[in-house]
Amino acid sequence: MEAHKVGQRGESICKGETVVNYREWAFCVETALRGHGLAFHFTDDPPMPKTGDKTNDTNAAEIKSWKINDGKVMAAIVNSVKHSLIVSLSKFQTAKAIWGSLKQRYVQDSGALLHTLMQQTHAIEQNDMSIDEYYSAFDRLMGSLTSMVPACTTAACPAHQFLEKFLTYRFVMGVREDFDSIRTRLLHSSSTLTMALALSDLLAEETRLKSLPAPAV
């Protein structure tokens, strides 16, 4: 998709026009627009007009360019949400305002939501899913939980590290009994266990299990 076509009518940056999972949708839209150098429109205000000096013409061109690009970002957002949301977004005049409204609507920080997420975390298991499908489902849940954790000011945040370790353990505990041997090994490597390592080892074990001959009837 060429840069000048960002937000073109009828073209959705992210497939599907429904905000089913805000975290996934926001990542998709933000990444696509960052690739076109327009993601700053989610956070920046428009340039203020300069008057009374010789920069009027330059500033006017800057404002015009900003409005055109902001319109592209607004169109990109509108084209990627479900139709029932569009009318409620029509009152906003900037991409920043639309982005903030959607974030406020879908990023909830409430006891009821946390309780629901904790229940889902306790209940989720692999069952009939493949490892990849199970990880995708777990990752959605994990993303919703971690989005409620306040941001840290340090690169290596102890609270985030603990939460990631806890969720990694929970993920490993939820695999089927076919993976008992690899699960035991992973859970005993507590000092080095990460979600990436667990996923890699479980995928490898799944491939190995699939390669085994079917048991004789």
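Keep in mind the model is a prediction, meaning the values are calculated, not measured.

Draft legend 1. A look at the side chain of Ser 101. Following the sequence through the fold, Ser 101 ends up in helix H4 (residues 95-106). In this structure, Ser 101 is in contact with Leu 89 and Phe 92, ignoring residues within four places of it in sequence.

Draft legend 2. Geometry of unusual backbone geometry. Unusually for a residue other than glycine, Asn 127 sits at a positive phi of about 50°. Along the chain, Asn 127 turns up in the loop between helix H5 (111-123) and helix H6 (131-146).

Draft legend 3. Representation of helix H7 (residues 158-173) in the model. An ideal rise of 1.5 Å per residue puts 22 Å on 16 residues; H7 measures up with 23 Å between its terminal C-alpha atoms. Those residues of H7 that sit buried are Leu 167, Thr 168, Arg 170, Phe 171 and Val 172.

Draft legend 4. Quick peek at a nonpolar patch on the surface. Among the surface-exposed residues, Leu 114, Met 118, Phe 162 and Phe 166 lie close enough to one another that they form a single nonpolar patch of about 410 Å² accessible area. Mapping Met 118 onto the fold places it in helix H5. Judged by its relative accessible area of 38%, Met 118 is partly exposed.

Draft legend 5. Examining the pattern of salt bridges more closely. Counted according to the given criterion, the structure contains six salt bridges. Ionic pairing is found between Arg 185 and Asp 201, a salt bridge with its closest N-O pair at 3.0 Å. Of this pair, Arg 185 sits in helix H8 (residues 180-187) while Asp 201 sits in helix H9 (residues 195-211), and the two are 16 residues apart along the sequence. In this structure Arg 185 comes out as partly exposed when scored by relative accessible area, which is 45%. Assessed through its relative accessible area of 18%, Asp 201 is described here as buried.

Draft legend 6. Inspection of the packing of aromatic side chains at higher detail. A complete count under the given rule lists six aromatic pairs for this structure. Here the aromatic rings of Tyr 134 and Phe 138 are separated by 6.2 Å at their centres, their planes lie at 65°, and the arrangement is edge-to-face. One end of the pair, Tyr 134, and the other, Phe 138, are both in helix H6, four residues apart, so they sit about a helical turn from each other. You'll find Tyr 134 and Phe 138 in the same group, each marked buried. Linked through ring pairs, Tyr 134, Tyr 135, Phe 138 and Phe 171 together constitute an aromatic cluster.

Draft legend 7. Spatial organisation of the nonpolar core. Counting residues in each nonpolar core, the largest one holds 21 residues, and the members touching the most others are Phe 138, Phe 171, Leu 186 and Leu 202. Elements that contribute at least two residues to this core include exactly H6, H7, H8 and H9. The element best represented in this core is H6, accounting for six residues. When sequence neighbours within four positions are dropped, the list of residues in contact with Leu 186 reads Val 172, Leu 193, Ala 198, Asp 201 and Leu 202. Listed in part, the 19 residues of the second largest apolar core include Val 29, Phe 42, Val 73 and Ile 98.

Calculation rules
- Residues numbered from 1 in each chain as written.
- Predicted model: local features only at pLDDT ≥ 70, side-chain atom pairs only at ≥ 80, totals over all residues.
- Heavy atoms only, no water.
- Helix = DSSP H or I, 4+ residues; strand = E, 2+ residues; numbered from the N terminus.
- Contact = heavy atoms within 4.5 Å.
- Expected span 1.5 Å × (residues − 1).
- Buried < 20%, exposed > 50% of the residue type's maximum accessible area, 1.4 Å probe, protein only.
- Patch = residues over 30% accessible without salt bridge, like charges linked within 9 Å, V, L, I, M, F, W, Y side chains within 5 Å.
- Areas by Shrake-Rupley, 256 points an atom, 1.4 Å probe, with all protein chains shown as cover.
- Salt bridge = Lys/Arg side-chain N within 4 Å of Asp/Glu carboxyl O.
- Phe/Tyr/Trp six-rings, centres within 6.5 Å; stacked < 30°, edge-to-face > 60°.
- Core = buried A, V, L, I, M, F, W, Y, C linked by side-chain atoms within 4.5 Å.

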